[in-house]
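Working through the structure, step by step
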Amino acid sequence: METAQATTSGDGGPGRTVLVVGATGRVGRHVVAGLLERGGRVRALVRQPRTAGLPDEVDVVEGDLERPATVAAAARGADAAFLL
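Being a predicted model, the structure only gives us computed values, none of them experimental.

The rules behind these values
Residues numbered from 1 in each chain as written. Predicted model: local features only at pLDDT ≥ 70, side-chain atom pairs only at ≥ 80, totals over all residues. Heavy atoms only, no water. Helix = DSSP H or I, 4+ residues; strand = E, 2+ residues; numbered from the N terminus. Buried < 20%, exposed > 50% of the residue type's maximum accessible area, 1.4 Å probe, protein only. Contact = heavy atoms within 4.5 Å. Areas by Shrake-Rupley, 256 points an atom, 1.4 Å probe, with all protein chains shown as cover. Salt bridge = Lys/Arg side-chain N within 4 Å of Asp/Glu carboxyl O. Expected span 1.5 Å × (residues − 1). Arc of directions from axis to C-beta.

Comments concerning the overall build of the protein
- Each helix and strand in the protein was counted, giving 2 helices and 4 strands.
- Written out in order from the N terminus, the α and β elements of the protein read β-α-β-β-α-β.
- Of all 84 residues assigned to the protein, the portion counted as buried reaches 38%.
- In the protein, 58% of the contacts between residues at least 6 apart in sequence involve partners at least 24 apart.
- Surface accessibility of the protein: about 5,200 Å² in total, with carbon and sulfur atoms responsible for 50%.

Details of the pattern of salt bridges
- Per the counting criterion, the structure on display carries 1 salt bridge.
- Here R43 ties to D59 by a salt bridge, and the two come within 3.4 Å at their closest N and O atoms. Linking R43 in strand β2 (residues 41–46) with D59 in strand β3 (residues 59–62), this pair joins segments that are 16 residues apart in sequence.

Structural notes on helix α1 (residues 26–37)
- With 12 residues, α1 should cover 16 Å at 1.5 Å per step; its first-to-last C-alpha distance of 18 Å lies within 8% of that length.
- Among all positions of α1, only G28, V31, V32 and L35 are buried. An end-on view of α1 places all buried positions within 100° of arc, on one side of the element. Turned more than 90 degrees off the buried face of α1, the exposed positions are R26, H30 and E37.
- Tucked into the core, α1 has its buried residues touching β1 (17–21), β2 and β4 (80–83).
- In the stretch just after α1, G39 is the one whose phi turns positive, near 90°.

Right under this line is the structure:
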């Protein structure tokens, strides 16, 4: 899995799955919106899925950076990741 940067063009395009860690934060919500606009598939690692408030198109996965197994499971099959 490659690590994408916000300035990288081409990441998150159609057919790509991008994991966003920090998707519910101020910046993360903009990253999610931008990826969806590009036609990418977005997976978000969140601590509390019921209160995440992310768009329905987002694959919301429960997890926490302090539980590495949950991060590994969320990253499985992702083409790129944003850690915010």
